[in-house]
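Examination of the molecular architecture
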Amino acid sequence: MKRLVVLGGGESGVGAAILGKVKGMDVFLSDFGTISEHYRAMLDEEGIAWEDGKHTPELILNADEVVKSPGIPPTAPLVKALVEKGIPVISEIEFAGRYTDAKMVCITGSNGKTTTTLLTYHILQEAGLNVGLAGNVGKSLALQVAREQHDVYVIELSSFQLENMYRFKANIAVIMNITPDHLDRYDHEMQNYINAKFRILQNLTPCDAFIYWQDDPVIRRQLEQVTTEARMFPFAEYKEENTAAYLDAEDRLFMNTPSTSLVMPRADLALSGLHNLFNSMAAGLSACLLDIKKDDIRKALGNFQGVEHRLEPVVTIDGVRYINDSKATNVNSCWYALESMPSSGVILILGGKDKGNDYTEILPLVKSKVKAIVAMGKDNSKIVEFFGPHVPVLHDTHSLAEAVETCAREAKEGDTVLLSPCCASFDLFSSYEDRGRQFKNAVLELNNKK
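As a starting point, this report considers the structure included with it. (Residues numbered from 1 in each chain as written. Predicted model: local features only at pLDDT ≥ 70, side-chain atom pairs only at ≥ 80, totals over all residues. Heavy atoms only, no water.)

**Topic: the overall build of the chain**
- A tally of regular secondary structure across the chain gives 17 helices and 20 strands.
- Relative to the compact-globule value of 22 Å for 450 residues, the chain shows a C-alpha radius of gyration of 23 Å, a close match.
- Counting only C-alpha atoms and orienting by the principal axes, one finds that the chain spans roughly 70 × 50 × 40 Å.
- Across the 450 residues of the chain, 56% fall into the buried class.
- Counting only carbon and sulfur atoms, one obtains 49% of the accessible surface of the chain, whose full area is about 18700 Å².
- Positive and negative charge centroids in the chain, built from 46 and 60 side chains respectively, lie 1 Å apart. (Helix = DSSP H or I, 4+ residues; strand = E, 2+ residues; numbered from the N terminus. Rg over C-alpha atoms; globule rule 2.2 N^0.38 Å. Buried < 20%, exposed > 50% of the residue type's maximum accessible area, 1.4 Å probe, protein only. Areas by Shrake-Rupley, 256 points an atom, 1.4 Å probe, with all protein chains shown as cover. Lys, Arg positive; Asp, Glu negative; His and termini not counted. Charge placed at Lys NZ, Arg CZ, Asp CG, Glu CD.)

So this is what it looks like as structure tokens:
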């Protein structure tokens, strides 16, 4: 009997463990942290052996294969020990992909991938397809393959997940953009990060499709060195050579694939802003390639509700708008947020766990739109040093409550308070979702006091 060891007791790990059990394997799951009660109960119900609070080498290094949580870096001592012993280490997506013939729409990028993934899923669901949502959003792909079986899966893939994918194949691969992110994971070498993202093109055939932002300079350069057999469908704001999705002079969105030619006014899109135009293009092209009816695509692009923690309006208090963009965990994501803001009067909350950020990219927008920066983190020295000479007001705060109170004091009618941190959340919060929800609660509490 094949022995499968799973490292990590979260959504992906527990899903992989259950799929392994369904396939008749001897499964053991180990988590160095604490497994939540929900996942413990799932493992116990399936009769899967597990441990938390430690990794027991003799129960792990006897594996035939290991499924590793994407959050565990390849430099972890246990992972190195597994590699030295020649034990294959794979991702949950790689593992699950072996046991389904479903079509795979796989989406990655530094920014926009969550919105694009959810929008693509929304279009396919509205069209009546038997579709699953997996990866960084939705339920574990492995759990769905074990228990549900869909005809199509829409999967958001991080660079971490792509690292341990080898034979898995997308039918439609999407790269939204590539900007510096997670460089602390990649030895502060941008090319290492780029290489991880481009693993999404592995194993594509001439029957498959590659959708990407045509004007992304990083993608352009990488495509000079990397080839793919897949059909290519680039999107851009305006038409260039071979552009598959673009705007015309009358602000109409065109999307062209071999089987579908779709036109709709940009004003009919549910999501506003340039970044969301690109998200809509990528999702729409994916739907066209899956032969979804044009009317269904237009309708779904027009009624999508958006993503929590991504430019999410919270409330307006005394004429001041509060916007939760906690999902902006890198500099480029913050750039898109600032690009969509009014021309002045922005109070910007920055800070968190720095991932090797270079704030130069957003400096012109900060100079033109931001009246004050409120730094929020355990250590704000880099933000204070970089932005201090460039903004009229900069506050150094070390808790969310202090940051919101400071913003409220600075804000005047017509201003916008924008939480778009540029950083990971792990210095003060458990996740960007936790940070966003705490921000919303603090703002609503502020409103209740009025």
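**Let's talk about the packing of aromatic side chains**
- Taken as a whole and judged by the stated rule, the model has 9 aromatic pairs.
- Between the aromatic rings of W213 and F278, the centroid separation amounts to 5.1 Å while the plane-to-plane angle is 35°, which identifies the pairing as tilted. Here F278 lies in helix α11 (residues 274-289) and W213 lies in strand β10 (residues 209-213), a separation of 65 residues in the sequence. No difference in accessibility class separates W213 from F278, as the two residues are buried. (Phe/Tyr/Trp six-rings, centres within 6.5 Å; stacked < 30°, edge-to-face > 60°.)

**Points about the sheet that holds strand β9 (residues 172-175)**
- Spatially, the 9 strands line up as an open sheet ordered β7-β8-β6-β9-β10-β11-β12-β13-β14, and their pairing is mixed. In this open sheet, the two strands that pair with only one neighbour each are β7 (131-135) and β14 (260-265). The sheet shows a mean angle of 15° between the axes of neighbouring strands, direction not considered. (Pairing = 2+ DSSP bridges. Axes fitted to C-alpha atoms, helices over the stretch in contact; angles between N-to-C directions.)

**Here we look at a negative patch on the surface**
- On the surface, D379, D396, E402 and E405 cluster together to form a negatively charged patch.
- Secondary-structure assignment places E405 in helix α16 (residues 400-410).
- E405 gets classed as partly exposed once you look at its relative accessible area, which sits at 46%. (Patch = residues over 30% accessible without salt bridge, like charges linked within 9 Å, V, L, I, M, F, W, Y side chains within 5 Å. Salt bridge = Lys/Arg side-chain N within 4 Å of Asp/Glu carboxyl O.)

**Remarks on the pattern of salt bridges**
- Under the counting rule described, the total for this entry stands at 21 salt bridges.
- A salt bridge links K169 to D208; the shortest N-O distance between them is 3.0 Å. A residue pair is termed long-range when its members are at least 10 positions apart, and K169 in the loop between α8 (159-163) and β9 and D208 in the loop between α9 (190-197) and β10 qualify at 39 residues.
- In this structure K169 comes out as partly exposed when scored by relative accessible area, which is 28%.
- It is possible to trace a salt-bridge network through shared partners that takes in E308, E312, R437 and K440.

**Points about the pairing of strand β15 (residues 312-317)**
- Sheet topology note: the β15/strand β16 (residues 320-324) ladder contains 5 bridges and is antiparallel. Directly across from E312, in β16, lies its bridge partner N324.
- Counted between consecutive antiparallel strands, the loop separating β15 from β16 contains 2 residues, among which D318 sits at a positive phi close to 50°.

**Quick look at the environment of N177**
- In this structure, N177 sits in the loop between β9 and α9.
- N177 sits in the buried class, given a relative accessible area of 5%.
- Those residues in contact with N177 that sit more than four places away from it in its chain are G109, S110, N111, W213, D216 and I219.
- A polar atom in the side chain of N177 sits 2.9 Å from the backbone nitrogen of N111. (Contact = heavy atoms within 4.5 Å. Polar contact = N/O pair within 3.5 Å; in protein donor to acceptor, adjacent residues only side chain to side chain.)

**Remarks on the environment of Y359**
- Locating Y359 in the fold gives a position in the loop between β17 (346-350) and α14 (363-369).
- Taking the relative accessible area as the measure of exposure, Y359 reaches 2% and is therefore buried.
- As for Y359 and C422, which are separated by 63 residues in sequence, their C-alpha atoms are 8.6 Å apart.
- Discounting residues that sit within four places of it in the chain, Y359 has contacts with V331, D354, K382, I383, F386, F387, C422 and C423.
- A distance of 3.3 Å separates a polar atom in the side chain of Y359 from a polar atom in the side chain of N357.

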